[in-house]
Amino acid sequence: MTDRRKILYVDLDNTLVHFKSGIDRLGADDFQEYQDRYDEAPGIFALMDPIDGAVEAFTLLAEHFDAYILSTAPWKNPSAWSDKLLWVQKHFGIDPTSVAYKRLILSHHKNLNHGDFLVDDRDHNGAKDFTGELVKFGSAEFPDWDAVTAHLLAAVGS
């Protein structure tokens, strides 16, 4: 019998992706029109930068886990669904050797995914009901990718 690799899910917004960087790049009209609901601004998800160390951390963790990106796309922003895919392809690559190749899951019910760990900055969209361990990115315990990576690698004995 072979040992199963632990399953890791990582959120995009404010976990891998610096959401405010997209807000900062909105045009003046969109900035005004979508105030207090920027996630509905068409194209905003294509404008975002990665959080420092996030791409490198996910790449490293994918060597030790069965790793997926698990995100929610706003229901009122159809471009978000494709923009999130394009963001993953831009930052991780598009070919089958990419650690994120066909590993993007978009869901409003993260708790339906079975796994060992979920790294997320919030407990919304089913994250609080995830059956594995919720690693709260940006919290006092896990303020950055160095802390998250150390915790997860320790959990698999790496």
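A quick note: this is a predicted structure, and the numbers were derived from the prediction, not measured. (Residues numbered from 1 in each chain as written. Predicted model: local features only at pLDDT ≥ 70, side-chain atom pairs only at ≥ 80, totals over all residues. Heavy atoms only, no water.)

Undergrad: Any chance you could explain the overall build of the chain here in plain terms?
TA: Check the secondary structure of the chain and you find 5 helices and 7 strands. Against the 2.2 N^0.38 benchmark of 15 Å for 158 residues, the chain shows a C-alpha radius of gyration of 16 Å, consistent with a compact globule. Dimensions of the chain along its principal axes, counting C-alpha atoms only, are 55 × 35 × 30 Å. Of all 158 residues assigned to the chain, the portion counted as buried reaches 43%. When contacts within the chain are restricted to residue pairs at least 6 apart in sequence, long-range pairs at least 24 apart make up 64% of them. Counting 15 positive and 26 negative side-chain charges, the chain places the centres of these two groups 4 Å from one another. (Helix = DSSP H or I, 4+ residues; strand = E, 2+ residues; numbered from the N terminus. Rg over C-alpha atoms; globule rule 2.2 N^0.38 Å. Buried < 20%, exposed > 50% of the residue type's maximum accessible area, 1.4 Å probe, protein only. Contact = heavy atoms within 4.5 Å. Lys, Arg positive; Asp, Glu negative; His and termini not counted. Charge placed at Lys NZ, Arg CZ, Asp CG, Glu CD.)

Undergrad: Any chance you could explain the layout of surface pockets here in plain terms?
TA: To find the voids left in a structure, one rolls a probe of water-molecule size over its atoms. Empty space within the largest pocket amounts to approximately 330 Å³. In this structure, the largest pocket is lined by 17 residues; those nearest its centre are D13, D39, T72, R122 and N125. (1 Å grid on protein atoms, 1.4 Å probe; cavity = no way out; pocket = protein on both sides within 12 Å on 5 of 7 lines; lining within 4 Å. Points joined across faces, edges and corners; volume = space filled by probe spheres on them.)

Undergrad: Explanation requested: the packing of aromatic side chains in the structure shown.
TA: Any aromatic ring pair is given by two values, namely how distant the centres are and how the planes are angled relative to each other. Scanning the model with the defined rule gives 8 aromatic pairs in all. Arranged with centres 5.9 Å apart and planes meeting at 90°, the rings of Y9 and F130 form a pair that is edge-to-face. Pair noted here: Y9 is in strand β1 (residues 7-10) and F130 is in the loop between β6 (117-120) and β7 (133-136), with a separation of 121 residues, a long-range link. Residue Y9 shares its accessibility class with F130, and that shared class is buried. Ring geometry for W87 and F92: centres 6.4 Å apart, planes at 65°, overall edge-to-face. With respect to burial, W87 and F92 carry one shared label: buried. Against the face of Y68 rests R103, its NZ or CZ located 4.4 Å from the ring centre. (Phe/Tyr/Trp six-rings, centres within 6.5 Å; stacked < 30°, edge-to-face > 60°. Lys NZ or Arg CZ within 6 Å of the ring centre and 35° of its normal.)

Undergrad: What exactly am I supposed to notice about helix α5 (residues 145-155) here?
TA: Buried within α5 are the following residues: W145, V148, T149, L152 and L153. One side of α5 carries all its buried residues, which in axial view fall inside an arc of 120°. Opposite its buried face, α5 presents the exposed residues D146 and A154, each directed more than 90 degrees away. Next to the buried residues of α5 lie β1, α3 (54-61), β6 and β7. Between the side-chain oxygen of the N-cap and the backbone nitrogen of D146 there are 3.2 Å, and the N-cap of α5 in question is D144. Backbone geometry just downstream of α5 places G157 in the positive-phi region, at approximately 70°. (Arc of directions from axis to C-beta. Polar contact = N/O pair within 3.5 Å; in protein donor to acceptor, adjacent residues only side chain to side chain.)

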